[in-house]
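A look at the structure
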Amino acid sequence: MVDVSAGTLRVRGGRVLRGRVRVHAAKNAVLPMMATCLLTGEATRLRNVPLLGDVQSMRDLLQSLGAAVAVGADGSWLLHAGDRLQTHAPAGLVGGLRASVLILGPLVSRLGHARLSLPGGCAIGTRSIDLHLKGLVAMGAEVRSAPDHVDVAAPRGLHGASVRLDFPSVTATENLLLAACLARGETVIENAAAEPEITDLAACLNAMGARVRGAGTAVVCVEGRSELGGADHTPIPDRIEAGTLLIAAAMTGGEAVVEGVVAEHLAALMAKLRQAGAEIWSERGALYVNGQRRMRAVDVTTGPHPGFATDLQPLFCALLAVADGASVVTETIFDDRLRFTEVLRKMGADVRLEGRSAFIRGVRRLRAAPGVIPDLRGGAAMVLAALVAEGETELTGVRQIDRGYVDLAASLQSLGADLERACEPAAAVSRARQERVLAAAWSRQPQAPPQAALSPVGPSARLRPRSRTVRVWPWRQRSRLWRPVRVLPRSPWLRLPPRASLASAVAAIQTRPRS
């Protein structure tokens, strides 16, 4: 159910978007990479981690299992899962995050057992974990199902197997890929998903010492290893965020430069935008788009990569709602992803649903109408529709969008959109809450100047001593003298010897008794 109190966005339509904007790292790449820390006792570093709602939920889930997360001032995250991991994930943390299922494979592979409540996520239709379980059973696991959870056990460990997926599911491919890294022998995953995020996950695992071949194709081979090490990896750019901004600029008749993207990841979207009349080309890690006052209608059918991405379908529907002509959009991945079109109809769009297809006849102009955001991508589509609507549109439940975009409103404002939030983004709210907690802790501690400075974050980063106390904070300190890091989930106060490394801080947190 959507929390209508979780933020309001007011959008005044009619602006033509122009300018430059840079995308963040891909949420769908970061989430499975965070789960890789469960495969090793060494620390894994991820760089440019976007502070999103889903990413923070995954962090909380890993911490509940006993992993430590150090957040660097440069945006890098150091994840460390020692030997005292839990195998039972709390239902409250699993229920709201679809990617929580990705802890299943690593826990069973490394510890031999895992209990997982049924994962949640966006309400866009049935998303069963049967493919995950069938693959683990083929690798030697035993599954016991209950109405609200599943128990998966492999007391003798997992072994290599040939697994053929009934559908090229991204999360199932990722889960089995993670599980196979520590299984005995070779595992072959047939009909595997080929999304760029799969290729990026394989690159991260190979950096940890795994042997993964064929990622990005329909057949992935994994040679199991007895153990994995740590890694230092930078995730790929978010192709869905980039596509959102490209569509927004094109449907308003504007022009924009979206920087920090990989053009090959958006080939299907680029082809459809060209068919619709936009000019789009790539150059030096950026995409340039030049739209028209009114785009042309085109037909779209979603499909696994390299087909048209299902996450971009709602956004393209918003464009087609004001395009010239009639279009047919067919959704083949999720059975309820088109329900957001109800709000488009309230805004004056001519949309008719038949099964998994939407028949859209473009209108000249949409009109403002209030709406409640039902899910992540549908909510982003409603924002884009409001950009071309007459009047002011008020959308509630904006925190749904924060699950997958690092302040989408700010990115659109940088292109000239006229919109404002009635609340802070989820990431800013989280930082503000942490500041209040630490302010209270500070008031109870002896007042003293900062005790240490942190050099640029890295595995061998050194703490320059000013005394024997290191304060570990949860947000970037703006002082010129120091740039500390907080190691979660423990107390913000930690005593370390002079010149202790960041890895030592993580180790100290792991061995410290729970408060």
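Structure report, in brief.

Parameters and conventions
Residues numbered from 1 in each chain as written. Predicted model: local features only at pLDDT ≥ 70, side-chain atom pairs only at ≥ 80, totals over all residues. Heavy atoms only, no water. Helix = DSSP H or I, 4+ residues; strand = E, 2+ residues; numbered from the N terminus. Buried < 20%, exposed > 50% of the residue type's maximum accessible area, 1.4 Å probe, protein only. Areas by Shrake-Rupley, 256 points an atom, 1.4 Å probe, with all protein chains shown as cover. Pairing = 2+ DSSP bridges. Axes fitted to C-alpha atoms, helices over the stretch in contact; angles between N-to-C directions. Parallel < 35°, antiparallel > 145°, perpendicular 65-115°, else oblique. Contact = heavy atoms within 4.5 Å. Nonpolar A, V, L, I, M, F, W, Y, C, P; charged D, E, K, R; others polar. Phe/Tyr/Trp six-rings, centres within 6.5 Å; stacked < 30°, edge-to-face > 60°. Lys NZ or Arg CZ within 6 Å of the ring centre and 35° of its normal. Polar contact = N/O pair within 3.5 Å; in protein donor to acceptor, adjacent residues only side chain to side chain.

1. Comments concerning the overall build of the protein
In terms of regular secondary structure, the protein is built from 16 helices and 30 strands. Looking at the protein residue by residue over its 515 residues, the buried ones come to 57%. Surface exposure of the protein reaches about 20,700 Å², of which carbon and sulfur atoms provide 48%.

2. Thoughts on the pairing of strand S12 (residues 219–223)
Summarising the sheet, strand S10 (residues 186–190) and S12 pair through five bridges and their orientation is antiparallel. Paired with Thr-187 across the two strands is Val-222, which belongs to S12. In this sheet, S12 lies alongside strand S11 (residues 211–213) in antiparallel orientation, the contact comprising three bridges. From the neighbouring strand, Arg-213 faces S12, where its bridge partner is Cys-221. Connecting S11 to the antiparallel partner S12 that follows it, the hairpin turn spans five residues, and Gly-214 within it adopts a positive phi of roughly 90°.

3. Details of the packing of helix H8 (residues 239–251) against helix H10 (residues 313–320)
Two numbers describe how H8 lies on H10: the axes approach to 10 Å, and their chain directions differ by 0°. In this view, H8 runs roughly parallel relative to H10, as classed from their interaxial angle. Of H10, the residues touching H8 (which contributes Thr-244, Ile-247, Ala-250 and Met-251) are Leu-315, Phe-316, Ala-318 and Leu-319. Grouping the amino acids of the contact of H8 with H10 by side-chain chemistry returns seven nonpolar, one polar and no charged.

4. Focus: the packing of aromatic side chains
Tallied over the entire structure, the rule returns two aromatic pairs. Centroid distance Trp-281 to Tyr-288: 5.5 Å. Interplanar angle 5°. Geometry classified as stacked. Plain terms: the ring middles of Phe-308 and Phe-316 are 5.5 Å apart, the flat faces sit at 75° to each other, and that makes the pair edge-to-face. Here Phe-308 matches Phe-316 in class, with each residue buried. Against the face of Phe-359 rests Arg-352, its NZ or CZ located 4.6 Å from the ring centre.

5. Structural notes on helix H1 (residues 27–35)
Taken across its nine residues, H1 has eight buried, putting it largely inside the fold. If you check which residues of H1 are buried, you get Lys-27, Ala-29, Val-30, Leu-31, Pro-32, Met-33, Met-34 and Ala-35.

6. A word on the side chain of Asp-311
Topologically, Asp-311 is positioned in the loop between strand S17 (300–301) and H10. A distance of 2.9 Å separates the side chain of Asp-311 from the side chain of Arg-337, its partner in a polar contact. Non-local contacts of Asp-311, meaning those with residues more than four positions away in its chain, are made with Asn-28, Ile-240, Arg-337 and Arg-377.

7. Points about the sheet that holds strand S16 (residues 286–290)
Within the open sheet, the four strands sit side by side as S2-S14-S16-S15. Their pairing is mixed. Taken across any chain shown, the strands that pair with only one partner, and hence form the sheet edges, are strand S2 (18–22) and strand S15 (279–283). Taking the axes of each pair of neighbouring strands and ignoring which way they run, one obtains an average angle of 15° across the sheet.

8. A closer look at the sheet that holds strand S19 (residues 350–354)
With respect to topology, four strands assemble into an open sheet ordered S17-S18-S20-S19, the strand pairing being mixed. In the strand order of this sheet, the two ends are held by S17 and S19, each with one partner. Taken together, the five bridges between strand S18 (residues 326–330) and strand S20 (residues 357–361) define a ladder with antiparallel strand orientation. Residue Val-328 lies in a different strand from S20, and its bridge partner there is Phe-359. Its contacts with the sheet place H10 against S17, S18 and S20, and it is angled at close to 170° to S18.

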